[in-house]
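Tertiary structure, described
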Amino acid sequence: AEIFRDTTVFQSGRISQRLRELAFLNSGLEIVFTDERPAEPKPERYFYKDGVEEFVKQLNKSKEAIHPKPISFRKESKQQNDDKEIEVHVEVVLQYNDSYNEQVLCFANNIPNADGGTHLSGFRGALTRAINNYARSEKLLKDKDPALTGEDVREGIVCVLSVKLPNPRFSSQTKEKLVSNEVEPVVASITYEGVMKTFEENPQL
């Protein structure tokens, strides 16, 4: 009680929310949670075959989606870091709705990063660049037109951005911001490639 001043009682709602989040982030993983304090405990089962894609759909369920199927891409990339080659796994799923709000949830090794970090910077920059380049190439933006801003291209976006890598570095003990520099170019490259490929395959978007 000296350390956990708010409460020392386990809150099943908070625990189940986190377990559901972990099941979303790891497609195919089954988690069963049972709070044994009630007289008749009822197990809760979390299993999502499509993982992050189902996560985004749930985040968007109270909104009007502009395209019914979320855009998703995932890839692993090798990157040099301190003379060592590391593997970075990136998964991005996004879906636009008719609101003006931006909701991007960032995770590193399943840890939520409320303040984003290098993975978010890489994603935002690449998304803006890809949409502007496609708009120019398809004459949706004329040469004299100003480029779309980051705020423009992220209006109404719901996105879950998940990276997995060995020994991630964070700005603080609470791990709210990822500061691993090697992640930014990897996420940027995978995002740009994924968005451009999506436009090529689905020009109606």
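For the structure, check the block above.
Below you will find a few notes about this structure. (Residues numbered from 1 in each chain as written. Predicted model: local features only at pLDDT ≥ 70, side-chain atom pairs only at ≥ 80, totals over all residues. Heavy atoms only, no water.)

1. Regarding the overall build of the protein chain
Just so we agree on the cut-off: Per the convention used, a helix needs a DSSP run of H or I reaching at least four residues, while a strand needs a run of E reaching at least two, with both numbered from the N terminus. Partly exposed describes any residue whose relative accessible area lies between the buried limit of under 20% and the exposed limit of over 50%, with all areas from a 1.4 Å probe on protein chains only and scaled to the type maximum. Contacts between residues were defined by any pair of non-hydrogen atoms, one from each residue, lying within 4.5 Å.
Scanning the protein chain from terminus to terminus reveals five helices and seven strands. Order of helices (α) and strands (β) in the protein chain, N terminus to C terminus: α-β-β-α-β-β-β-β-α-α-β-α. Once the C-alpha set of the protein chain is aligned to its principal axes, its extents read approximately 70 × 45 × 30 Å. For the protein chain, with 205 residues in total, the buried portion stands at 41%. In the protein chain, the proportion of contacts linking residues at least 24 apart, taken out of those at least 6 apart, comes to 66%.

2. Describing the packing of helix α3 (residues 118-137) against helix α5 (residues 183-201)
For clarity, the threshold we go by: Simply put, an axis is a line fit to the C-alpha atoms, just over the touching stretch for a helix, and the angle between two N-to-C directions goes from 0 to 180 degrees. When the near helix sits turned anticlockwise from the far one by under a right angle, the crossing is termed left-handed; a clockwise turn instead gives a right-handed crossing. Classification used: nonpolar for Ala, Val, Leu, Ile, Met, Phe, Trp, Tyr, Cys and Pro, charged for Asp, Glu, Lys and Arg, polar for all others including Gly.
The N-to-C vectors of α3 and α5 enclose an angle of 30 degrees; their axes lie 7 Å apart at closest approach. Classified by chirality, the crossing of α5 by α3 is right-handed. The segment α3 lies against α5, with T118, H119, S121, G122, F123, A126, L127, R129, A130, I131, N133 and Y134 engaging V183, E184, V187, A188, T191, Y192, V195, M196 and F199. Per-class residue counts for the contact of α3 with α5 are 13 nonpolar, six polar and two charged.

3. Considerations on the environment of N133
Structurally, the position occupied by N133 is in helix α3. Through-space distance from the C-alpha of N133 to that of L148 is 10.0 Å; in sequence the pair is 15 residues apart.

4. A word on the sheet that holds strand β7 (residues 157-164)
The condition that has to hold: Note: two strands are recorded as paired if DSSP finds a minimum of 2 bridges between them.
Across the sheet, five strands lie side by side as β3-β4-β7-β5-β6; this open sheet has mixed pairing. The sheet is open, and its two borders are formed by β3 (71-81) and β6 (111-112), each paired with just one other strand. Relative to strand β4 (residues 84-96), β3 runs antiparallel, the two being bridged by eleven bridges. Its bridge partner lying in β4, S72 is registered against V93.

5. Remarks on the packing of helix α1 (residues 12-25) against helix α2 (residues 52-59)
Formally: If an angle is under 35 degrees, it is roughly parallel; if it is over 145, roughly antiparallel; if it lies from 65 to 115, roughly perpendicular; otherwise it is oblique.
As a packed pair, α1 and α2 sit with axes 7 Å apart at the nearest point and diverge in direction by 130 degrees. Here α2 runs oblique to α1, going by the angle between their axes. When α1 is examined against α2, the residues R20, E21, F24 and L25 are found in contact with a partner set consisting of V52, E54, F55 and Q58. Partitioning the contact of α1 with α2 into residue classes produces four nonpolar, one polar and three charged.

6. Here's the deal with the side chain of D35
The line we're drawing: For this analysis, a polar contact is any N or O atom pair within 3.5 Å, provided that within protein one partner can donate a hydrogen and the other can accept it, and provided that sequence-adjacent residues contribute only side-chain to side-chain pairs.
Looking at the secondary structure, you find D35 in the loop between β1 (30-33) and β2 (44-47). Side chain to side chain, D35 and R37 meet in a polar contact 2.9 Å long. Excluding residues that lie within four positions of it along the chain, D35 makes contacts with S12 and P41.

7. Some remarks on the nonpolar core
Inclusion rule: The nonpolar core is taken to be a set of buried Ala, Val, Leu, Ile, Met, Phe, Trp, Tyr and Cys residues, with the residues joined through side-chain atoms within 4.5 Å.
If you look at the biggest cluster of nonpolar residues, it comprises 32 residues, and the most contacted ones within it are V90 and F123. Only β3, β4, β5 (103-108), α3, β7 and α5 provide two or more residues apiece to this core. The dominant element in this core, judged by the number of residues it contributes, is α5, at seven residues. Discounting residues that sit within four places of it in the chain, V90 has contacts with F73, R74, K75, L161, S162, V163, V186, V187 and I190. A23, F24, L25 and I31 belong to the second largest nonpolar core, which has 17 residues in total.

8. Brief notes about the state of the cysteines
For clarity, the threshold we go by: A pair of sulfur atoms, both from cysteines and within 2.5 Å, is called a disulfide here.
With the rule as written, the count across this model stands at zero disulfides. Counting only cysteine sulfurs, C159 is the nearest neighbor of C106, a cysteine outside any disulfide, at a range of 7.4 Å. A relative accessible area of 5% means that C106 is categorised as buried.

9. Notes on unusual backbone geometry
One non-glycine residue, N109, lies in positive phi territory at about 55 degrees. With phi around 50 degrees, N167 is a residue other than glycine that occupies positive phi space. On the basis of relative accessibility, which here comes to 67%, the residue N167 falls in the exposed class.

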